[in-house]
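Understanding the architecture of this molecule
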Amino acid sequence: MLEVRGLSVRYGGIQALQGVDLTVAQGEIVCLIGANGAGKSTLLGAVSGLIKPTAGAIAYEGRPIAGHKASRLSRQGLILVPEGRRVFANLSVEENLILGGYFRPRGREQQADMAEVFDTFPRLAERRRQAAGTLSGGEQQMLALGRALMGRPRLLMMDEPSLGLAPLMVAEVFGVIRRIHQRGVTVLLIEQNAAAALAIAHRGYVLEVGRVVLSGSGRELASDGRVQRAYLGMD
Amino acid sequence: MDGAQLLQQIINGLTLGSLYALIAIGYTMVYGILRLINFAHGDVLMVGCYLAWFGAVQFGLPWWAALMGSMALTALLGVLIDQGAYRPLRSAPRISALITAIGVSFFLENLGLVVFGGRPKAFERPEIFNQLYQIGDLRVLSHSVWVPIITALVLAGLLWMIYRTRLGMAMRALSRDLVTVQLMGIDTNRVVAVTFALGSALAAAGGIFWAMKYPQINPLMGVLPGLKAFVAAVLGGIGNVVGAVLGGLMLGFGEIMLVALWPELAGYRDALAFVLLIGFLLFRPSGILGQELPS
Ligand SMILES: Nc1ncnc2c1ncn2[C@@H]1O[C@H](COP(=O)(O)OP(=O)(O)OP(=O)(O)O)[C@@H](O)[C@H]1O
Ligand SMILES: [Mg+2]
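Let me begin by describing the structure that accompanies this report. Everything numeric in this text was worked out from a predicted model, so none of it was measured.

Criteria and cut-off values
- Residues numbered from 1 in each chain as written.
- Chains lettered and ligands numbered in written order.
- Predicted model: local features only at pLDDT ≥ 70, side-chain atom pairs only at ≥ 80, totals over all residues.
- Heavy atoms only, no water.
- Pairing = 2+ DSSP bridges.
- Helix = DSSP H or I, 4+ residues; strand = E, 2+ residues; numbered from the N terminus.
- Contact = heavy atoms within 4.5 Å.
- Axes fitted to C-alpha atoms, helices over the stretch in contact; angles between N-to-C directions.
- Left-handed = near helix turned anticlockwise from the far one by under 90°.
- Donors = N, O, S within 2.8 Å, 3.2 Å for Na, K, Ca; no water.
- Buried < 20%, exposed > 50% of the residue type's maximum accessible area, 1.4 Å probe, protein only.

Residues in a regular strand point their side chains to alternate faces of the sheet. Residue and element names in this part refer to chain A. Direction of pairing for strand β1 (residues 2-11) relative to strand β2 (residues 14-24): antiparallel, over a ladder of seven bridges. Each residue of the ladder has a partner; that of L2, found in β2, is V24. As consecutive antiparallel partners, β1 and β2 are separated by two residues, and within that stretch G12 has a phi angle of approximately 55°, a positive value.

And the structure:
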């Protein structure tokens, strides 16, 4: 579904990504782990069209997309939930959701999508007229996820959806990711919470200073000594 | 000042303030979305006035057709300026776009001098805006009645658009986060283009009603109303449409009352705007309705 080959990104003098290869097959959950500054967000930024790669190829559903605009890719179901949630604080919860499905035909189908989001996140339904900026961090994360779902993603990319959430909320977010996946959405996930992420991921990649240093199934990575020491806090 | 005189001054203030408001709306909308002070706004207004003049005088169009035609073409000019001058600088430091705006302003002024000539052209007031009503001692030109009404209608329409339509929703989102709206499948360039089109069309309308007041036009006519409208937008809280209208009214009333109450200060009338500007920047930099300061 997604094929990244030799992807490089440079910010001025900083080489953030260097020759990264990565694939995501239809129906998979793939997880990306790595230390701060490893280039994880840069990778998702390049795939989503927000960041222009300096070299390499990206194919989505078999078609080359490197250099395409983010707005165009979102319309094609390649949707990113950005780092730090980025809900529109000045808009209501409902308006945030409507924007998530902005490009889709309005009407009954959109109503149904919104009802489904409210079904998944009942807390959002209670707060639908509230300004998004007044939600708690966890609620904002739910809104960011719900907003992405309104665009009917085929490949949903999430940049650290559990960041800054209390353990109970983290569990809830992972539960939701699993449910979204069960509805047929392919998932590419960045997580600091490597243990939880590898537990639900089919496959994973480990990124270090802009390169893929390790990849394998979720179970393989979780039992790899280097991963255990660096990302799972075991010795 | 007796009652009739006071009422007269209130009407004058309302008219002048409404003109500032119409022009300030374009300033504030562009700023709200791009954090860009479009210093060419006043000169766009000037071009709009010449377009209307050509429509009415050269092509003999009725006033409303000249007004509509000018608004449409000026909207197009605003979009072209954005695409040609500002869009390439979207991710450059803000100061670059600001300097470019000043350059566009000089360009339009000098282009106007070359193309239209420096001599002012008479700008006739259409019949409907030229009726004089006399009620006791009160003398009111129909222009003074129509301008506030039109401004109120424009404001109502804009507020409806901003708070009740999906396009307005996209504008409000974009004003906060230009990057994330792209992830919603929204073409930001299109939303920005609509903003420039609306702001420029309103500048043309404001300029045309401004020109009817005096009634003449020249290539540098946009400078003063442009500056005043900028001040009005800041007074109201730049980025806020209702604030721009309040700021415009405040400035209009202020100027009229200054002259009415202290005729000997009439020469300082244009300075009032800048005194208010400095005062606000010192004591309430976010303006009447601004809640937070953009960095
Ligand atoms: N806009 C930018 N300009 C310059 N350098 C940048 C920019 N964005 C990221 N970088 C640099 O690129 C590198 C990779 O950053 P990136 O945000 O992709 O890391 P990350 O793996 O997502 O980290 P984290 O886990 O902290 O979110 C870092 O060294 C960062 O400083
Ligand atoms: Mg990151």
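The pairing of strands in a sheet happens through backbone hydrogen bonds and is either parallel or antiparallel. Residues and elements named next belong to chain A. Strand order in the open sheet made by the four strands is β2-β1-β4-β5, with antiparallel pairing throughout. What marks the edges here is a single partner per strand, and that holds for β2 and β5 (63-64). Sheet strands in contact with helix α1 (residues 40-48) are β1, β2 and β4 (55-60), and its direction is about 115° off that of β1.

Let us look at the environment of G164 of chain A. Along the chain, G164 of chain A turns up in the loop between β7 (155-159) and α7 (167-182). Through-space distance from the C-alpha of G164 of chain A to that of G137 of chain A is 7.6 Å; in sequence the pair is 27 residues apart.

Where helix α1 (residues 3-34) of chain B contacts helix α9 (residues 241-261) of chain B, the axes come no closer than 6 Å and their chain directions differ by 145°. Of the two elements, α1 of chain B crosses α9 of chain B, and the hand of that crossing is right-handed.

Here we take up the coordination of the magnesium ion (ligand 2). Residues and elements named next belong to chain A. Within the protein, the magnesium ion (ligand 2) binds to S41 (OG) and E83 (OE); these donor distances fall in the range 1.9 to 2.4 Å. A residue pair is termed long-range when its members are at least 10 positions apart, and S41 in helix α1 and E83 in the loop between β6 (78-81) and α3 (93-100) qualify at 42 residues. For E83, a relative accessible area of 38% gives the class partly exposed.

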